[in-house]
Every structure is written in C-alpha cells, then in structure tokens.
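One letter stands for each residue in the lines below.
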Amino acid sequence: MTLQQEIVGNAMQMAIVNLHPGQTVYCEAGKFLFKTTNVTMETRLSGPQGSGGQAQGGSGGGMGGMLRQAMGTAMQVGQRMLAGESLAFQYFTSQGGEGTVGFAGVLPGEMRALELNGTRAWFAEKDAFVAAESTVEFGIAFAGGRTGMSGGEGFVLEKFTGHGTVIIAGAGNFIDLNPADFGGRIEVDTGCVVAFEEGIQYGVQRVGGLNRQGLMNAVFGGEGLSLATLEGNGRVILQSLTIESLANALKKAQGGDKQGPTGGLFSTHAG
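Since the structure is predicted, the reported quantities are computational estimates derived from the model, not experimental observations.

**Student:** How do you make sense of a nonpolar patch on the surface when you look at a structure like this?
**Tutor:** On the surface, a cluster of nonpolar side chains totalling about 240 Å² of accessible area is made up of M14, L33 and F34. Residue position: M14 is located in strand β2 (residues 14-19).

**Student:** Please clarify how the pairing of strand β9 (residues 122-125) should be interpreted in this entry.
**Tutor:** Regular strands have side chains that alternate between both faces of the sheet. Burial along β9 is two-sided: the residues W122 and A124 and F123 and E125 are all buried. As judged from the 3 bridges shared by β9 and strand β15 (residues 193-197), these two strands associate in the antiparallel manner. Looking at β15, one finds that F123 is bridged to F196.

**Student:** Mind showing me how you'd approach the pairing of strand β14 (residues 185-188) here?
**Tutor:** Of the two faces of β14, the one holding I186 and V188 is buried and the one holding R185 and E187 is not buried anywhere. Where β14 and strand β17 (residues 226-231) come together, 4 bridges link them in antiparallel fashion. From the neighbouring strand, I186 faces β17, where its bridge partner is L230.

**Student:** In this structure, what is going on with the confidence of the model for the protein? I would like to understand it.
**Tutor:** Interpreting fine coordinate detail is not advised for predicted regions of low pLDDT. Residues of the protein with pLDDT of at least 70 account for 68%, and the chain-wide mean is 80. Confidence drops under pLDDT 50 across residues 50-59; counting only partners more than four residues distant or on other chains, this segment forms 14 contacts.

**Student:** Looking at this model, I keep getting lost on the environment of C192. Mind explaining?
**Tutor:** Tracing the sequence through the fold places C192 in the loop between β14 and β15. Classification of C192 as buried rests on a relative accessible area of 14%. Sequence separation between C192 and S240 is 48 residues; the distance between their C-alpha atoms is 6.5 Å. Discounting residues that sit within four places of it in the chain, C192 has contacts with I237, L238, Q239 and T242.

**Student:** Hey, could you run me through the nonpolar core in this one?
**Tutor:** Soluble globular proteins: nonpolar side chains tend toward being buried together. Core analysis: the biggest nonpolar cluster contains 21 residues, and Y26, F129, F160, V166 and I168 have the highest contact counts within it. Among the secondary structure elements, those contributing two or more residues to this core are β6 (89-94), β8 (111-117), β9, β10 (129-133), β11 (136-142), β12 (156-169) and β15. The greatest single-element share of this core, amounting to 4 residues, is contributed by β12.

**Student:** I would appreciate a short explanation of the side chain of S94 in the present structure.
**Tutor:** Tracing the chain through its elements places S94 in strand β6. Within the local environment of S94, its side chain forms a polar contact with the backbone nitrogen of G99, the two atoms lying 3.1 Å apart. When near neighbours in sequence (up to four residues on either side) are disregarded, S94 contacts L19, H20, P21, G22, Q23, N38, V39 and G99.

**Student:** What is the right way to read the environment of A195 from this model?
**Tutor:** Mapped onto the secondary structure, A195 falls in strand β15. Separated by 25 residues in the primary sequence, A195 and G170 place their C-alpha atoms 9.4 Å from one another.

**Student:** Looking at this structure, I do not really get the pattern of salt bridges. What am I missing?
**Tutor:** Any two side chains of opposite charge can pair if their charged atoms end up close together. According to the stated counting rule, one finds 8 salt bridges in the structure shown. Here R112 makes a salt bridge to E110, at a shortest N to O gap of 3.7 Å. The pair R112 / E110 is uniform in exposure class, with both members buried. R112 gets classed as buried once you look at its relative accessible area, which sits at 17%. In the salt-bridge network here, residues are joined through shared partners; they are E110, R112, D176 and R235.

**Student:** Can you help me understand the sheet that holds β14 in this one?
**Tutor:** By definition, the strands of a sheet pair up through backbone hydrogen bonds, in either a parallel or an antiparallel sense. On the basis of which strands lie adjacent, the open sheet formed by 3 strands has the order β14-β17-β16 and antiparallel pairing. Where the open sheet ends on each side, the last strands, each with one partner, are β14 and β16 (201-206). When the angles between neighbouring strand axes are averaged without regard to direction, this sheet yields 30°.

What counts, and at which threshold
- Residues numbered from 1 in each chain as written.
- Predicted model: local features only at pLDDT ≥ 70, side-chain atom pairs only at ≥ 80, totals over all residues.
- Heavy atoms only, no water.
- Patch = residues over 30% accessible without salt bridge, like charges linked within 9 Å, V, L, I, M, F, W, Y side chains within 5 Å.
- Areas by Shrake-Rupley, 256 points an atom, 1.4 Å probe, with all protein chains shown as cover.
- Salt bridge = Lys/Arg side-chain N within 4 Å of Asp/Glu carboxyl O.
- Helix = DSSP H or I, 4+ residues; strand = E, 2+ residues; numbered from the N terminus.
- Buried < 20%, exposed > 50% of the residue type's maximum accessible area, 1.4 Å probe, protein only.
- Pairing = 2+ DSSP bridges.
- pLDDT = per-residue confidence, 0-100.
- Contact = heavy atoms within 4.5 Å.
- Core = buried A, V, L, I, M, F, W, Y, C linked by side-chain atoms within 4.5 Å.
- Polar contact = N/O pair within 3.5 Å; in protein donor to acceptor, adjacent residues only side chain to side chain.
- Axes fitted to C-alpha atoms, helices over the stretch in contact; angles between N-to-C directions.

Written out as structure tokens, the structure reads:
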C-alpha cells in the first residue's frame, strides 16, 4: 500500500501520515510528534531490513535463528553507533481502523517524501532520515575514508533501499538539481548536500590549487579547503542552510562568535 502522507508548514515543516489498518511506519527516535489513540508505538533496536518492518521471531531456525537475529541486530546497532545515529527506531502500526501519525525534523527547514521503486537506492546526509514505510530498508553507507575525511559531511551516509516512501528533512530551503543538466558535474559546499540517487558519484576536491588564489579561497572564502562534487545523471537535493552556518549565527547572536574575520579555514566547526 502506498503511504498516504502530507507535508505541511513553512519554516519548520511536519509530515502528517495516514495509516491504513495494519500498516506500519517507522521513524528515528526523536522525530515523533503525535499519533491517534488507535496507533500503537513500539521502540526496537532492530531496523526493518529483511523483515518488512515486522519483528522476527525465534521460529524458523530455533536457537540458531535467534542467534543470527541477535547478531544481525547487534551489527545494525554498531553501525548506527559508529555513524552517530539514533540507536533505536520507533514503529507505529494502526489497529482497528485508519490512524494518523505526525513527524518532524530537528532543524528549521523543509521535508521531502522520496518514492523508492526498488531500482535505485537513495543516499542522504547523516540525520536527514525522519520516517519511512516498513518496506523501506535503512542502512549506513561509508563514502570512503579519503573522501569522507576531506569533506566532513560525506564520510557517513544514510542509505535507503526497497519499495515505498521515505521522508527526509534538512535545513533551510531545498533545490532539486541534476548534474547532467549542468555538463554532468556540479560543485557544492559540503554542508549543503541533503540527498542523491544511486548512480550519482560523490567526491570531494580541494578548493583551488596551492597558490595565492587557492589560499585566499580557503582562508577568506568561507568554504574551508574542500568542496563536494556530484557527477552523473540523477536527482540531487541541496539545502540552503548548513548546520555550521546556523551554529555560527547563533554563537554570534549570543556574543560568542569565534569565527573571526576570515570566515573560512579558521572558522570554529560546530560539533
């Protein structure tokens, strides 16, 4: 069944999900807002991968099956812990009729519902995930040590596969781009990447060369030493506000701005 959802609001959007009887949606802990009384809520460490969002019992393998399930759950939790993600998911199932659940992100900004048909996965920045149908599998992907360490935002990515709807959130306003419309490649502030389809090649490059202009870009340009690169033919979602810029604006408003006059290489990194 298709997930019936509506994204409402402006500066801080919310997703209102209407569930059919027996339909399940899950979210990352901390993204739940409200529910009707006929919707049950269950918190689990295990993700929906390989179970359609339903808890796997000990049958179908006896003790061996239970051990494999426990080891699989431990690996999922370990991956999410390494990535700095929530350790648990909350599952909501409508009982005895249709039900409603509300979700939201954690930053002022937009939300987007992505439809997966099983042919292409989606990758998203850390903490972008809000909620998904139980038929959507949540995983962690690593962009590679060299790319991730250089880019700051790209080392750990959320990966969504399967069929159904997944809802993501970001900061500020969203813009949808396809690198193929711009010669096959775009260069982006590393903190502005929200999500992209499988098939898009993500990388990180140094801003300019090791010359006078390159150093000027890095020190005074506000971008530091690196830009994210996105290549290929597919959908890319960018956000207009970065977490670092929001944190620096809040520090400045509180009289604690440590960014200094350069605004680039020497800016204080939030978190």
